[in-house]
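Structural features, examined
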Amino acid sequence: MSKANLLLGTRKGLIIYQQDGDGWSHQSTHFLGIPVSLTLVDERTHTWWACLDHGHWGCKLHRSTDQGKNWEEIEAPKFAEGMEVKEGVPAAVKYLWAMSHGGKDKPGVLYIGTDPGALFKSTDNGDTWQLVESLWKHPSREKWFGGGRDNPGIHSVVVDPRDSNHIYVAVSCAGVFESFDAGETWQSANKGLKADFLPDPSSEIGQDPHILKACPTNPDVLWQQNHCGIFVTTDGAKNWKEVSQKEGPANFGFAVAIKHDNPDQAWVVPGISDEIRVAVDQALVVCRTDDGGKTWKEQRAGLPQENCFDIVYRHCLDISGDSLVFGTTTGNVYYSNDLGENWKQLSSDLPMVYSVEIVV
């Protein structure tokens, strides 16, 4: 892997490491003491973005044009005065949960997904934000509900690199929605998913994806780690197929990573269940598939195999080349330079990790 930076959004700030030989060394810390829910490095403009979840002041948005040396606060997305989530409940942004650039042919376009489940769009590199009302007012919205939160939330935004008008979002709990016209209209894309907590598990609305990602070199292949298992589609979300292990750890979890040039190769870091959010058998394991989910390999070398309470949140696993990094709720960060065959601990002293991003 080329020389890289590692951006860790944590409960106590943004912590940046720099590649140091085969490992990483601490470079700087920003927003000390403030939760950083997410980062985005815009490959088009090289702008760094940090989403903050300030306990007293609410959601804040910052950007840097010099790789974190200086940060500028930008007004975060907000609802128009008088808007309501539901009758009698004012609409207010509670969490910045997803961020994506809008395509290489649209250099000023950015998207942010929030709790409550709203998608905001900027056409001027974040200077101003507008609510995507077509999704906010989608006819299915009355069936959306909060999965572990008071409100449904948008935690994943995927822009097709071949066509910037083609966008996916994932909503917890509602499912995957797809637009072919840059967000003017939306349709659900949940055929083949299951939600065993619903009266009708195959319901088109009410599915609970935990994360949605597309293979960069073959965007018709998308993976999701779901509340009810691991699912993959090879036809652009027209049909989903469950690829969880029937007997084995690769099932419940939050994060997924996909090899850049191999849509059949993916990683998850499983936990026991939503009710018991700890490592399976209290032993930390990464599971890798090389055949599109037909089989899974357990990767444990270098990871703790007893008395382990770690869980990995949805934005806390990233890949670049043959290198993977993940961070956990207990402040542990691990990295591998050989596609997960062997793991080394970067740190055991960090705050709870909310997001991991490798930046080459």
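Residues numbered from 1 in each chain as written. Predicted model: local features only at pLDDT ≥ 70, side-chain atom pairs only at ≥ 80, totals over all residues. Heavy atoms only, no water.

Observations concerning the overall build of the chain
If you tally the helices and strands in the chain, you get one helix and 30 strands. Taken over C-alpha atoms, the radius of gyration comes to 19 Å for the chain, in line with the 21 Å a tight globule of 360 residues would show. C-alpha extents for the chain along the principal axes are approximately 55 × 50 × 40 Å. Taking all 360 residues of the chain together, the buried fraction comes to 59%. For the chain, long-range pairs separated by at least 24 residues make up 47% of all intrachain contacts whose partners lie at least 6 apart in sequence. With the model as given, the accessible surface of the chain reaches about 15100 Å², and the carbon-plus-sulfur share is 46%. Charged side chains of the chain number 32 positive and 48 negative; the gap between the two group centres comes to 0 Å. (Helix = DSSP H or I, 4+ residues; strand = E, 2+ residues; numbered from the N terminus. Rg over C-alpha atoms; globule rule 2.2 N^0.38 Å. Buried < 20%, exposed > 50% of the residue type's maximum accessible area, 1.4 Å probe, protein only. Contact = heavy atoms within 4.5 Å. Areas by Shrake-Rupley, 256 points an atom, 1.4 Å probe, with all protein chains shown as cover. Lys, Arg positive; Asp, Glu negative; His and termini not counted. Charge placed at Lys NZ, Arg CZ, Asp CG, Glu CD.)

Points about the sheet that holds strand β15 (residues 167-172)
Ordered in space as β14-β15-β16-β17, the four strands form an open sheet in which the pairing is antiparallel. Two strands close off the open sheet at either side, each with one partner strand: β14 (153-159) and β17 (187-188). (Pairing = 2+ DSSP bridges.)

Some points on unusual backbone geometry
Residue Pro116 is reached from Asp115 by a cis peptide bond, and omega for that bond is 5°. Relative to the helices and strands, Pro116 resides in the loop between β11 (110-115) and β12 (118-122). Going from Ser172 to Cys173, the amide bond is cis rather than trans, its omega being 0°. Its location among the elements puts Cys173 in the loop between β15 and β16 (175-179). One non-glycine residue, Ala237, lies in positive phi territory at about 75°. Since its relative accessible area comes to 3%, Ala237 is described here as buried.

Here we look at the sheet that holds β12
Spatially, four strands are ordered β10-β11-β12-β13 in an open sheet, and the strand pairing comes out antiparallel. At either end of the open sheet lies a strand with only one pairing partner, and these are β10 (95-101) and β13 (130-131).

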